[in-house]
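# Observations on the model geometry
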Amino acid sequence: MNILTFVFILCIVVLLAVHALSAVQLYKQRSLGPYAVPSILVLSGLWAVGLLSAVINFASYLASIS
Amino acid sequence: MRYDFCRFAGQGKDEIILFRAHRHPIRLISRIGQQLFMYLSLTFVVAIIGYVLTRAFNFPSDGALINIFYSFIFLALITTIMAAWSLWYRSLCIITDSRLVKIVPKGFFYSYTRELRLDGIKDTSFSYENFFHGLFNYGKLQVIGGGTFIVKYIPNPRDIHHYLTKLLRIIDAAKASSTKPIFPEFIPRPEWKGKGFKKTMPTS
């Protein structure tokens, strides 16, 4: 594993941790109002799209240098 | 009841929520806007550095690396929106038929909760602290009871102040006549005009 792959995974893990903690805390307080669960679904869906995009771009970069 | 959908930790079974409010949405928008500005600035700086490196030093331009960078900017933006939304959504000011509750989340794992019984309220005041508070109609509500209870960035502080004053008058009248108080429910603007305050049933 080269340094770029390590940095890529590290960034993903940090962002995922912040996103997941925020979502979990919001879900635990879902009784406060009706928008908690839909907002988690929408934002997590967008996050998944971003992750897919990052992974595809990273894979294409690895393919281009090898 | 208007706020039946909301339950908060420590709420009694027969405790009725008369009013609830998050901080004004402009606080959420401004926090997300600050982060967006930071990410756009970072993108701009990276673009300039990339341009200088490719033009001045003939560095090879790699589109795949740039795409990875933009993907991370997008991920960071979504993560920021999630964190800001989570903090904003969990911060609440609630008035029930027995107390005033303020919930302020501090980070991911800790939230600060403070409450004040309605019959312990001695004085209330509100203030608009600057031009934007007046423009967007949000400000600071200050309630003095067993200490000072401050709720910042609350929307419609004037209406809530009037509402609290009305609740205090009702409590005083009920105490004088030794009856159970019947509290009006807070109806936010623009519905407030013409409808007044809606009375709730007396609690058992």
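As annotated in an unreviewed UniProt entry, chain B is DUF304 domain-containing protein from Candidatus Abawacabacteria bacterium RBG_16_42_10.

Before going further, it helps to examine the environment of threonine 5 of chain A. Take threonine 5 of chain A: it is sitting in helix α1 (residues 3-28). Given 11 C-beta atoms within 10 Å, threonine 5 of chain A falls into the exposed group.

To continue, consider the sheet that holds strand β6 (residues 138-145) of chain B. Residues and elements named next belong to chain B. If you walk across this open sheet you meet the three strands as β5-β6-β7, and the pairing is antiparallel. If you trace the sheet from one side to the other, it starts and ends with β5 (123-127) and β7 (147-155), each paired once. On average, adjacent strands in this sheet sit at an angle of 20 degrees to one another, irrespective of strand direction. Pairing between β6 and β7: seven bridges, direction antiparallel. Counted as the bridge partner of tyrosine 138 is proline 155 from β7.

At the junction of the two partners, chain A supplies 28 residues and chain B supplies 24 residues. Where the side of chain A that touches chain B is concerned, the elements lending two or more residues are α1 and α2 (36-65) of chain A. Among the elements that make up the side of chain A that touches chain B, the one with the highest residue count is α2 of chain A (14 residues). For the side of chain A that touches chain B, the class distribution of residues is 16 nonpolar, twelve polar and no charged.

The UniProt record annotates "transmembrane region" (unreviewed entry) at residues 36-63 of chain A. Taken end to end, residues 36-63 of chain A comprises 100% helix and 0% strand; its first and last C-alpha atoms sit 40 Å apart.

Rules of the game
Chains are numbered independently. Their residues run from 1 in the order of the written sequence. To label them, take the chains in the order written and letter them from A, then take the ligands in the order written and number them from 1. Totals for whole chains, interfaces and linings use all residues, but because this is a predicted model, local features are given only for residues with pLDDT of at least 70 and pairs of side-chain atoms are given and counted only at 80 or more. Strands are runs of DSSP state E lasting at least 2 residues, helices are runs of H or I lasting at least 4, and numbering of each runs from the N terminus. Whether a residue is buried, exposed or partly exposed follows from its count of other C-beta atoms within 10 Å of its own C-beta, namely 20 or more, 12 or fewer, or something in between, respectively; the C-beta atoms are built from the backbone. When DSSP finds two or more bridges between two strands, those strands count as paired. Comment: axis = line fitted to C-alpha atoms, over the contacting stretch for helices; angle = value between 0 and 180 degrees taken between N-to-C directions. Note on contacts: residues are paired as contacts if their backbone-placed C-beta atoms lie within 7 Å. Three classes are used, and their members are as follows: Ala, Val, Leu, Ile, Met, Phe, Trp, Tyr, Cys and Pro are nonpolar, Asp, Glu, Lys and Arg are charged, and the others, Gly among them, are polar. UniProt positions are given in the numbering used here, feature names are shortened, and annotations may be inferred rather than shown by experiment.

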